[in-house]
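What follows is each chain in one-letter form.
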Amino acid sequence: MVPKIHSLGGYIHEFQKSIANPETFWAEIAEGFYWRKRYDKILEWNFEEPSIQWFKGGKLNITENIFERNLYTIGSQPAIIWEPNNPEEQNRILSYNELFEEVNKFCNTLKKLNVQKGDRIAIYMPMIPELTIAMLACARIGAVHSVVFAGFSAASLADRIIDAEAKMVLTADGGFRGEKITPLKNIVDEALESCPGVETVLVYQRTKLPVNMVSGRDIWWHDAIAGQSEECKAEEMDAEDNLFILYTSGSTGKPKGIVHTIAGYMVYTAYTFRNVFQYNAGDVYFCTADIGWITGHSYIVYGPLLNGAKTLMFEGVPTWPDAGRFWDVVDKYKVNQFYTAPTAIRSLLALGMDHINDKDLSSLKVLGTVGEPINEEAWHWYHDHIGRNRCPIVDTWWQTETGGVMISPIPGIIPTKPSFATLPLPGVQPVIVDAEGIELHGNSVKGNLCIKFPWPGIARTIWGDHERFRETYFSNFKSLYFTGDGVQRDEDGYYRILGRVDDVINVSGHRLGTAEIENAINSHPLVNESAVAAYPHPIKGQGIYAFVVCGELSTGGEEGIRKSIKMAVTNLIGPFARPDLIQLVPGLPKTRSGKIMRRILRKVAEGDASDLGDITTLLDEDVVVKIIDGALVEVKR
Ligand code: WT7
């Protein structure tokens, strides 16, 4: 296992060491892993190009660090504890030995199907152990996985398959979520109509939903793996070879394929998992995220498994069969660390105490949150009613691009403060800069959150578009990685994340670009143009407020068009991106040069138009008055 911080003094010591000499700090942690060949150089970097290489020249395989390195001690211990959607169905517990055999079998299956080192494999699967098996098999043979969250539409899936040039798709007939079944294979079929590069589709039978198997392309999972050997030697990989691509939204329309490489990501997720959750051998750890997002990659799959941990994988939803489901799962497996999103906490809080009072919850030691700012009410509720005043809460700030947690309390060691992510982990060097890029030193400051030195888990590029990577993260402020978040450092030096400062909206912890949603809305034949802004939403954190200009109304009238706009967004992105509020407006506030003044729309959506700032460049003030008059939220004038 990687080293663990035990005390406040230990944290301060490690942090100072990591600032004084980041290279030796990380090299000492890297020592604990199994390398086929030791690296030649710990770090080579510049944030101008940018170019970042950790453990250069090292040869390894991340799965040898999960399996071969640990099997002799923990082989018979549970690796994955899988809880199905339906509590009546049999659960599955895979030991490290069993998981290893399944991964090897799948490696041999992929090889037989002609998958080579460096090939991209798209994975569009429900939360079942085979999803993890597939990811690890890719990693073991050197293929690059690109997991697409199974809530994305066919169009979004197709975009991602095409961008990554994936030659194979792994899916299931369907996925259970509460009372619903998502017809995953049908969605894949629709997506593949525009993806001629895909040669093979493997289909796991999960729901028995009828599917259409295309001959020559589609193969049942169970047929493909039948008779495959349970042994497969891991491919020797370079430290900086690609491990995976994961798409995320930015402020422009097209999603970005964030690329993580092997060794740095391995060291970083392993170290942060152990410390942020204070995981000890034997503990049961439960993260409620979907593996389709980075939280699942780093803290259901790689971080826990690299530590030999027992990681719980839950197929279902928090409110089915009832709103006590998370807590039933916690009690059933005596979960010690529980990690979820503020939006889940808020939605359960709203459903009252009936589903909590009869639960034990005494196994819990650490509670975590991730994905969005947590409001104080939700924090206290989580602390008092789930943690029963015994469990520290780790409010973990990080991003798809950072690979792992960056700013977070170390539970039981760093005193927490509601709504604060508190302090950077060792090895993380945050800085706050103003709009001009001037660093704001000292405490009690507010500004843009940047990081000034690389950590091993930082993304290396955007797939196929390194220039966009440079431009998005390294061009705003010289020689700094820019996170896109606003931040406050309070009088104690504690960090509080204030939310995005770019055109990104955070809906229930899902990151969405306004441009992406607008593109989807604009695809509607009756829409001339649109602009999207966030508004405070009691459960989702931020809701989506769309201002839409239509040419004429169809026969369905205003309600009809609202419905069909939502449908368009569902079809192009997915149901989670549907606007909550759609206001039909006569025009958008624009400058004389035709630029939309988003600031005004943001203020209206937030319900405060009392100070619109400088509107001298505004082309038509009347439009603004009409927008405020017809607003769907109460607006202070
Ligand atoms: C954005 C990254 C990292 C896994 C899940 C989201 C916001 C994340 C926090 C937090 C306040 C947070 C930021 C960040 N965010 N964690 N603890 N407090 N905001 O990953 O989809 O890449 O989104 O989520 O705005 O930039 P992601």
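Above this text you will find the structure in question.
Notes on the structure in this doc start here. All values reported here derive from a predicted model rather than from experimental measurement.

Below, the discussion takes up the packing of aromatic side chains. Note on aromatic pairs: each is described by the distance of the centres and the angle between the planes. Evaluation of the coordinates by the stated rule reveals 47 aromatic pairs. On the numbers, 5.7 Å between centres and 90 degrees between planes, the contact of Tyr204 with Trp221 is edge-to-face. Note that Tyr204 is positioned in strand 11 (residues 200-204) and Trp221 in helix 9 (residues 221-225), a separation of 17 residues in sequence. Accessibility expressed as a relative area gives 18% for Tyr204, which makes it buried. Relative accessible area serves as the criterion here: at 3%, Trp221 is assigned to the buried category. Between Phe277 and Tyr285, the ring centres sit 5.0 Å apart and the planes meet at 65 degrees, which makes this aromatic pair edge-to-face. Across the pair, Tyr285 and Phe277 agree in class, each one buried. Here a set of aromatic residues connected by ring pairs shows up, and it is made of Trp45, Phe47, Phe453, Trp455, Phe469, Tyr473, Phe474 and Tyr481. Positioned above the aromatic ring of Trp82, the side-chain terminus of Arg92 is 5.9 Å from the ring centre. A cation sits over an aromatic face here: Arg160 above Phe152, 4.2 Å from the ring centre.

This part takes up the site of the ligand. The full set close to the ligand counts 17 residues, and Asp395, Thr400, Asp485, Arg500 and Arg511 are the nearest of them. Here a nitrogen atom of the ligand and a side-chain polar atom of Asp395 are 2.7 Å apart. Asp485 places a side-chain nitrogen or oxygen 2.5 Å from an oxygen atom of the ligand. Going through the elements one at a time, helix 11 (294-306), strand 20 (393-396) and strand 25 (495-500) are the ones with two or more residues in the shell around the ligand. Residues of the shell around the ligand, tallied by class, amount to six nonpolar, six polar and five charged.

Of all the residues in helix 19 (residues 621-629), the buried ones are Val623, Val624, Ile627 and Ile628. End-on view of helix 19: buried residues confined to an arc of 135 degrees, all on one side of the axis. At its buried positions, helix 19 is contacted by strand 29 (541-550), strand 30 (581-584) and helix 18 (598-606). One side-chain oxygen at the N-terminal end of helix 19 lies 3.0 Å from the backbone nitrogen of Asp622; it belongs to Asp620.

To continue, consider the side chain of Glu83. Tracing the sequence through the fold places Glu83 in strand 4 (residues 78-83). Among the polar contacts made by the side chain of Glu83, one reaches the side chain of Arg325 at a distance of 2.7 Å. The residues touching Glu83, leaving out its near neighbours within four places in the chain, are Asn91, Leu312, Met313, Phe314, Glu315, Arg325, Val329, Lys332 and Tyr333.

Another point: the environment of Gln488. Following the sequence through the fold, Gln488 ends up in strand 24 (residues 481-489). Residues Gln488 and Gln429, spaced 59 residues apart in sequence, show a C-alpha to C-alpha distance of 15 Å. Beyond its immediate stretch of four places on either side in the chain, Gln488 contacts Phe420, Ile432, Val445, Lys446, Tyr494, Tyr495, Arg496 and Leu498.

This part takes up the nonpolar core. Grouped burial of nonpolar side chains is what soluble globular proteins tend to show. Phe55, Leu99, Phe106, Leu170 and Tyr302 are the most contacted members of the largest nonpolar core, which has 166 residues in total. Examining the composition of this core, we find that ten residues originate from one element, helix 10 (residues 262-276), more than from any other. Formed jointly, this core draws a minimum of three residues from each of two domains, domain 1 (8-317 + 396-487) and domain 2 (508-636). Apart from residues no more than four positions distant in its own chain, Phe55 is found in contact with Trp26, Ala27, Ala30, Trp35, Tyr39, Lys41, Ile42, Ala239, Ala263, Gly264, Val267 and Pro456. In this structure, Leu361, Leu367, Trp379 and Ile393 belong to the second largest nonpolar core, which totals 28 residues.

Right, let's talk about unusual backbone geometry for a bit. Negative phi characterises most residues that are not glycine, and trans characterises most peptide bonds. Cis geometry marks the peptide bond from Glu49 to Pro50; its omega dihedral reads -10 degrees. With an omega dihedral of -5 degrees, the bond running from Trp320 to Pro321 counts as a cis peptide bond. In this structure, Pro321 sits in the loop between strand 17 (310-314) and helix 12 (325-333). Positioned with a positive phi, Gln278 is a non-glycine residue whose angle comes to about 45 degrees. Considering the arrangement of structural elements, one finds Gln278 in the loop between helix 10 and strand 16 (284-287). With a phi close to 45 degrees, Arg388 is a non-glycine residue in the positive phi region. Looking at where Arg388 falls in the secondary structure, it is placed in the loop between helix 14 (376-386) and strand 20.

All right, on to the state of the cysteines then. In this structure the tally under the stated criterion is zero disulfides. As a non-bridged cysteine, Cys138 has Cys107 as the owner of its nearest cysteine sulfur, 8.4 Å distant.

So, how was this worked out
- Residue indices follow the written sequence of each chain, beginning from 1 at its first position.
- Local features are withheld for residues below a pLDDT of 70 in this predicted model, meaning they are given only at 70 or higher, and side-chain atom pairs are given and counted only at 80 or more; totals for whole chains, interfaces and linings count all residues.
- Side-chain descriptors were evaluated using all non-hydrogen atoms of the structure, hydrogens and water having been removed beforehand.
- When the centres of two rings from Phe, Tyr and Trp lie within 6.5 Å, Trp using its six-membered ring, the rings pair. Their planes under 30 degrees apart give stacked, over 60 give edge-to-face, and anything left gives tilted.
- Starting at the N terminus, helices and strands are each numbered in turn, a helix being any DSSP run of H or I of at least four residues and a strand any DSSP run of E of at least two.
- Burial classes follow relative accessibility: with a 1.4 Å probe on protein chains only, a residue under 20% of its type's maximum area counts as buried, one over 50% as exposed, and anything between as partly exposed.
- Lysine NZ or arginine CZ positioned within 6 Å of the ring centre and within 35 degrees of the ring normal marks a charge as sitting over the ring.
- Any residue with at least one heavy atom within 4 Å of a molecule or strand is counted as near it.
- We define a polar contact as two N or O atoms separated by no more than 3.5 Å, with the added condition that, inside protein, one atom must be a possible hydrogen donor and the other a possible acceptor, whereas residues neighbouring each other in sequence contribute only through side-chain atom pairs.
- Just so you know the grouping, Ala, Val, Leu, Ile, Met, Phe, Trp, Tyr, Cys and Pro go in nonpolar, Asp, Glu, Lys and Arg go in charged, and all remaining residues, Gly too, go in polar.
- This arc is taken over the directions from the axis of the helix to the C-beta atoms.
- The contact criterion used is simple: two residues touch if any of their non-hydrogen atoms lie within 4.5 Å.
- Within this scheme, the nonpolar core is defined by two criteria: the residues are buried Ala, Val, Leu, Ile, Met, Phe, Trp, Tyr or Cys, and they are joined through side-chain atoms within 4.5 Å.
- Reported domain spans reflect what an automatic or database domain assignment gives.
- Disulfides are defined as pairs of cysteine sulfur atoms found within 2.5 Å of each other.

Distances and angles like these do not, on their own, reveal function.
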